[in-house]
Every structure is written in structure tokens, then in C-alpha cells.
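Given next are the chains, with one letter for each unit.
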Amino acid sequence: MSAPVTPTKSGDETEVTLPSPVSTIDWEVGASDKTKVKPHHFIKEQDINRGDGKALEYGHIPLEYLRTPETYRNQYFCVKKSKLGGNGAFATTDLKCGQQIHAELPTLTAGRRSIYDILEEIDPGVRDAFLRMHGHKRYHAQERRHAILMTNGFSEKRRFDLYLIAARFNHACIPVANVSWIRRADRVMEFTVQEDVPAGTELTIAYGDLTPKQLYNMWGFLCTCGGCVPLTTEDIESVDEAKRGAW
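Residues numbered from 1 in each chain as written. Predicted model: local features only at pLDDT ≥ 70, side-chain atom pairs only at ≥ 80, totals over all residues. Heavy atoms only, no water.

K.L.:
Help me understand the overall build of the chain in this model?
P.N.:
When its secondary structure is counted, the chain shows 6 helices and 10 strands. Counting only residues that meet the buried cut, the chain has 49% of its 247 residues in that class. Of the contacts made within the chain by residues no fewer than 6 positions apart, 66% connect residues no fewer than 24 positions apart. (Helix = DSSP H or I, 4+ residues; strand = E, 2+ residues; numbered from the N terminus. Buried < 20%, exposed > 50% of the residue type's maximum accessible area, 1.4 Å probe, protein only. Contact = heavy atoms within 4.5 Å.)

Shown next, in the form of C-alpha cells:
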């Protein structure tokens, strides 16, 4: 089963500063596929055309924001610390049901072995952002960079697509999650609000139709969304004991 994009459960102890905001352009929501949401929500007017006759690719996130995803902001939501753990995405304005709030291409695509070479090749600032993410070890000997990739990536046929901004959305079970997501054939992830959401509310997605026990086993967090039955102390000890036996 493919694992969905997961939010970062990172300590994110490094202080980061978001680049100065840049101008935005309002595109009509509900228009054609290419115009229903901006390729990026802080797109600069002069960057609509790169100067070589090519428009920005749909879902493109400028490098300056990928270097500091912990403080990302667009006109719909911002990333900041969450009581659910690590960082979360929060509405910065009142959002309406059916409103698309984000589109993103993967920052990197890697497998268990290729992640090490890819990290050496990418922009140093993006690499640092990757290394600040939390990596939940699914087995004792799992190397940290591989754990980060598995914790925060979308898996398909032994490869993982990592979305540095989308990874900030925390989980809530299906009855409670207020944002839905799809992954298109071109690998762009799209996020759409499922209900009216007032400004200041944390935006959550469902990682899948998973039980709290599965969530704890795969990502190491205890779901407290209110839409499921929380794990008991005995449940947690059972999972932990099974892992120790496997290790």
C-alpha cells in the first residue's frame, strides 16, 4: 500500500527566517486546470515568464521557500508550531468548502539507496531543510536519512516523492480532517478544503483509512484528533514490544 504524504514531526530546533514576502496575483478559483490555483502562492509578477518563454510549471515552489519550509506562508495558510506535534498548517484567512489552497511538485524523488547521492547533489539549503525533518525509525538499524524519507514521503513502487511544504500538514482521521488531497498523474499534489474553516484553524489531512495503532506503528505518533478511539497504554506497550522483538 502506498504511504501518503505525512507531516513533519520534527523538532525543527534550528531557527529559520522566511524571505521577505513577494507580490501575489489572484487567479480565478474554479477556472481551468491551469488557472484554478496559482503555480505558487507567492509568485512574482516578473517570474510568470522566466525570460526564456516558458511559464512557471504548475505546482512549482520557488527555491527560496523550499529552504525554509518551517515558516512557509501563502495567501491561504502558514506553517507554524502545532500542538499536534512538530509543525502544522494553519488557515490565515477564512476558507470556504471546495477552495483549493495548495499545489506542489515533489522537491525530490528518491529510493532507499539513491537518497544519499541525491542529497549530495541538491541545493545545500534544501538539503539542510530535509535534514531538519523528523525521521521515525521503523526498525532499529534504519539510517536517519532513510527514516526521514520514509516518514515524510509519498511512496510508489519503492521510490518516495518528498514534498517539503505538504509534509507540514498534520493528520486527522477521515471524519475530522478538514482538507482533502489528491496526487495527480504528473505527481502534483493538490489540497482542497472540505468544509468552511475560520482563520487560525489548523488544517489537517487524513494519511489514509488507518487505525491509531497503524499510525503509531508507521509514524510514531498518537492520534488525538477526536475522530478515533485513542490507543490505551496497553496498546502502546504491545506495539513497542512487537518492535523490540523484531529488532
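K.L.:
I keep staring at helix H2 (residues 114-121) and nothing clicks. Help me out?
P.N.:
Residues spaced three or four apart along an α-helix face the same direction, because each turn holds 3.6 residues. All of the buried residues along H2 are Ile 115, Ile 118 and Leu 119. Within H2, the buried residues cover an arc of 100° as seen down the axis, which keeps them to one side. In H2, the exposed residues that point more than 90 degrees away from the buried face are Asp 117, Glu 120 and Glu 121. Lining the buried residues of H2 we find strand E4 (108-111), helix H3 (124-131) and helix H4 (144-152). (Arc of directions from axis to C-beta.)

K.L.:
Mind showing me how you'd approach the sheet that holds strand E8 (residues 179-183) here?
P.N.:
Pairing between the strands of a sheet is mediated by backbone hydrogen bonds and can be parallel or antiparallel. Spatially, 3 strands are ordered E3-E9-E8 in an open sheet, and the strand pairing comes out antiparallel. Of all the strands in the sheet, just strand E3 (100-104) and E8 have a single pairing partner and so form its edges. Taking the axes of each pair of neighbouring strands and ignoring which way they run, one obtains an average angle of 15° across the sheet. (Pairing = 2+ DSSP bridges. Axes fitted to C-alpha atoms, helices over the stretch in contact; angles between N-to-C directions.)

K.L.:
Before we go on, may I ask you to explain the pattern of salt bridges in this structure?
P.N.:
Here the idea is simple: oppositely charged side chains can pair when their charged atoms come close. Applying the stated criterion across every chain, the model contains 7 salt bridges. Two residues, Arg 132 and Glu 70, come together in a salt bridge whose shortest N-O distance is 2.4 Å. Taken together, the positions of Arg 132 in the loop between H3 and H4 and Glu 70 in the loop between helix H1 (63-66) and strand E1 (77-81) put the pair 62 residues apart, joining distant regions of the chain. Residues Arg 184 and Asp 186 are paired through a salt bridge, measuring 2.6 Å at the closest nitrogen-oxygen approach. By relative accessible area, which is 18% here, Arg 184 ends up buried. (Salt bridge = Lys/Arg side-chain N within 4 Å of Asp/Glu carboxyl O.)

K.L.:
Even after reading the chapter, I still don't get the pairing of strand E10 (residues 202-205), so can you show me in this structure?
P.N.:
For a regular strand, side-chain orientation follows a simple rule: the groups alternate between the two sheet faces. Going residue by residue along E10, you find Glu 202 and Thr 204 tucked away on one face and Leu 203 and Ile 205 tucked away on the opposite face as well. In this structure, strand E7 (residues 170-171) lies alongside E10, joined through 2 bridges in parallel fashion. From the neighbouring strand, Asn 170 faces E10, where its bridge partner is Thr 204.

K.L.:
Looking at this structure, how should I read unusual backbone geometry?
P.N.:
Working note: non-glycine residues mostly have negative phi, and peptide bonds are mostly trans. Look at Arg 187: it is not a glycine, yet its phi comes out positive at around 75°. Here Arg 187 lies in the loop between E8 and strand E9 (189-193). Of the residues examined, Arg 187 reaches a relative accessible area of 26% and is grouped as partly exposed.

K.L.:
Just to check I follow, could you spell out the sheet that holds E1 for this structure?
P.N.:
Strand order in the open sheet made by the 4 strands is E1-E2-E10-E7, with mixed pairing throughout. Edge positions in the open sheet fall to E1 and E7, since each of these has one partner strand only.

K.L.:
What is the right way to look at the packing of aromatic side chains in this model?
P.N.:
Remark: the centre distance and the inter-plane angle together describe each pair of aromatic rings, the angle taken between the planes. For the structure shown, the criterion picks out 7 aromatic pairs. Their ring planes at 90° and their centres at 5.9 Å tell us that Phe 154 and Trp 181 sit as a pair that is edge-to-face. Of this pair, Phe 154 sits in strand E5 (residues 153-156) while Trp 181 sits in strand E8, placing them 27 residues apart in sequence. The class for Trp 181 is partly exposed, based on a relative accessible area of 23%. Summarising the aromatic geometry, the rings of Phe 169 and Phe 191 are spaced 4.7 Å apart at their centres and angled 5° between planes, so their arrangement reads as stacked. Taken together, the residues Phe 169 in the loop between strand E6 (159-162) and E7 and Phe 191 in strand E9 connect sequence positions 22 residues apart. Grouping residues by exposure puts Phe 169 and Phe 191 together as buried. Among the aromatic residues, those joined into a ring-pair cluster are Tyr 65, Tyr 72, Phe 77, Phe 169 and Phe 191. Over the ring of Phe 90 we find Lys 80; its NZ or CZ atom is 4.9 Å from the centre of that ring. (Phe/Tyr/Trp six-rings, centres within 6.5 Å; stacked < 30°, edge-to-face > 60°. Lys NZ or Arg CZ within 6 Å of the ring centre and 35° of its normal.)

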